Amino acid sequence: MAFFRKKTSKIDKIERETTINAVEIRNLVVEYHTSKATVKAVNGIDLTLKKKHTLGLVGETGAGKTTIFDAICYALYDAPSGDGRSANMMRSTYAEMTVDTYVELVFVHMRKEYTVRRNPDYERPKLKGEGMTTQKAAVELHLPDGSVIADRKKANAYIQELLGVDRNQFTQISMLAQGEFKKLLVADTVERQKIFSKLFHTSKYYVLQSRLQDETRKLYNECEDKKKSIEQYVA
C-alpha cells in the first residue's frame, strides 16, 4: 500500500503545522488469527490529515484500503463504509472460532478524546458445555468525563449528534471510498443541499430564508388586495 501527499511549499508547511489536525489516526492495526499464525492486514499505520488537505490511500486490490474505511466507519456508525457490505463481514473468514472480533477506535473531537469499541454478531464456542452460540453485537463508548454508553441506539445517536453528520453524509464528505464519490456528484440538488447544510451548519440561514420568503409572499398578497380595492373605488 502506498500513501501519496501533494508537495507543499515551506510557508504552506509552516501554516499547516500551526493548525489543528482534522483527522489523526495513530497505530492502526487490523489483524486476524489462524491456527498457524497471526496475520496483520494493517500494521501500525499513522495517518494525519490537516484541514483543507486531502489524503489518498492508493494500493492494489486486497491491500487493505477498504478495510481501513470500514473499520473507522463501523466504529463510529455501526455499519461499514460501503452499502454492499454488512457489519457481520467485519469478522474475517480466516479467524479462529475462539478469537474475539471487535473494532476499537480512539478519536479526538474538539480537543476531547473518545474511545468506541464495537463487535458485530458472530458465532463462537459456548463458554460452558459444547456447541456454538452467538456473540451479540455490542458497543462501549467511553466519554471524556469517564462515563460509558453501552446501549447501541444511544451510542449511535450520541456520535451522530457529536459529529453533526450521519453515516451516509460521513462517507460522502469525510471518507470517500473508491466509487462512493460518484454518489455525491450525482445526488440531486435537495440531497446535496442537506449534506452541505449540515456540514457547514447553514440550517439557520435556510430557516431565515424561508421566513423571509413567507413574509414576502404575505406582503405581496396584501399589496395586491389593496390594489384591487383601490381600483374598485377609482372605477
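These remarks concern the structure in this document. (Residues numbered from 1 in each chain as written. Predicted model: local features only at pLDDT ≥ 70, side-chain atom pairs only at ≥ 80, totals over all residues. Heavy atoms only, no water.)

**Remarks on the sheet that holds strand S6 (residues 112-119)**
Hydrogen bonding along the main chain pairs the strands of a sheet, whether they run parallel or antiparallel.
Here comes step 1: Spatially, four strands are ordered S5-S6-S9-S10 in an open sheet, and the strand pairing comes out antiparallel. What marks the edges here is a single partner per strand, and that holds for strand S5 (103-109) and strand S10 (148-149).
Here comes step 2: Where S6 lies against strand S9 (residues 138-142), five bridges are found, and the strand directions are antiparallel. Within S9, the residue paired with Arg117 across the bridge is Glu140.
Here comes step 3: Contacting S5 and S6, helix H2 (residues 65-77) crosses the sheet at an angle of about 75° to S5.
Here comes step 4: Packed on one face of the sheet, helix H3 (residues 152-163) meets S5, S6, S9 and S10 and runs near 45° to S9. (Pairing = 2+ DSSP bridges. Helix = DSSP H or I, 4+ residues; strand = E, 2+ residues; numbered from the N terminus. Contact = heavy atoms within 4.5 Å. Axes fitted to C-alpha atoms, helices over the stretch in contact; angles between N-to-C directions.)

**Points about the pairing of S9**
Here comes step 1: Alternating positions in S9 separate cleanly, Val139 and Leu141 being buried on one face and Ala138, Glu140 and His142 remaining unburied on the opposite face.
Here comes step 2: Taken together, the two bridges between S9 and S10 define a ladder with antiparallel strand orientation. Directly across from His142, in S10, lies its bridge partner Val148.
Here comes step 3: Between S9 and S10, which follow one another and run antiparallel, lie five residues, and Gly146 among them has a positive phi close to 95°. (Buried < 20%, exposed > 50% of the residue type's maximum accessible area, 1.4 Å probe, protein only.)

**A short note on the side chain of Arg124**
Here comes step 1: By the secondary structure assignment, Arg124 is in strand S7 (residues 122-125).
Here comes step 2: For the buried Arg124, no salt bridge is present, and the opposite-charge side chain at shortest range is Asp100, 6.2 Å distant.
Here comes step 3: At 2.5 Å, the side chain of Arg124 and the side chain of Gln135 are in polar contact.
Here comes step 4: Not counting residues up to four positions away in its chain, the partners in contact with Arg124 are Met97, Gly131, Met132, Thr133 and Gln135. (Lys, Arg positive; Asp, Glu negative; His and termini not counted. Salt bridge = Lys/Arg side-chain N within 4 Å of Asp/Glu carboxyl O. Polar contact = N/O pair within 3.5 Å; in protein donor to acceptor, adjacent residues only side chain to side chain.)

**Quick word on the packing of aromatic side chains**
Here comes step 1: Using the criterion set out here, one finds two aromatic pairs in the structure.
Here comes step 2: Geometrically, the ring pair formed by Tyr77 and Phe170 is tilted, given 5.4 Å between the ring centres and 45° between the ring planes. One end of the pair, Tyr77, is in helix H2; the other, Phe170, is in helix H4 (residues 167-173), and 93 residues separate them in sequence.
Here comes step 3: With centroids separated by 5.3 Å and ring planes inclined at 15°, the aromatic side chains of Phe107 and Tyr114 adopt a geometry described as stacked.
Here comes step 4: Taking the relative accessible area as the measure of exposure, Phe107 reaches 12% and is therefore buried.
Here comes step 5: The exposure class assigned to Tyr114 is buried, which follows from its relative accessible area of 5%.
Here comes step 6: The ring centre of Tyr102 lies 3.5 Å from the NZ or CZ of Arg117, which sits over that ring. (Phe/Tyr/Trp six-rings, centres within 6.5 Å; stacked < 30°, edge-to-face > 60°. Lys NZ or Arg CZ within 6 Å of the ring centre and 35° of its normal.)

**Focus: the pattern of salt bridges**
Here comes step 1: In the structure shown here, the tally under the stated rule is five salt bridges.
Here comes step 2: For Arg117, the salt bridge identified is with Glu104, shortest N-O distance 3.8 Å. Linking Arg117 in strand S6 with Glu104 in strand S5, this pair joins segments that are 13 residues apart in sequence.
Here comes step 3: Given a relative accessible area of 32%, Arg117 falls into the partly exposed group.
Here comes step 4: In this structure, Arg217 and Asp214 form a salt bridge, with 2.3 Å as the shortest nitrogen-oxygen distance. Taken as a pair, Arg217 and Asp214 lie in helix H7 (residues 203-234) at a separation of three residues, close to a single helical turn.
Here comes step 5: Among the charged side chains, a salt-bridge network with shared partners connects Asp78, Arg118 and Arg152.

**Overview of the pairing of strand S8 (residues 132-135)**
Here comes step 1: Sheet analysis places S7 next to S8, joined by four bridges and oriented antiparallel. Across the sheet, residue Arg124 finds its bridge partner in S8, namely Thr133.
Here comes step 2: Connecting S7 to the antiparallel partner S8 that follows it, the hairpin turn spans six residues, and Gly129 within it adopts a positive phi of roughly 80°.

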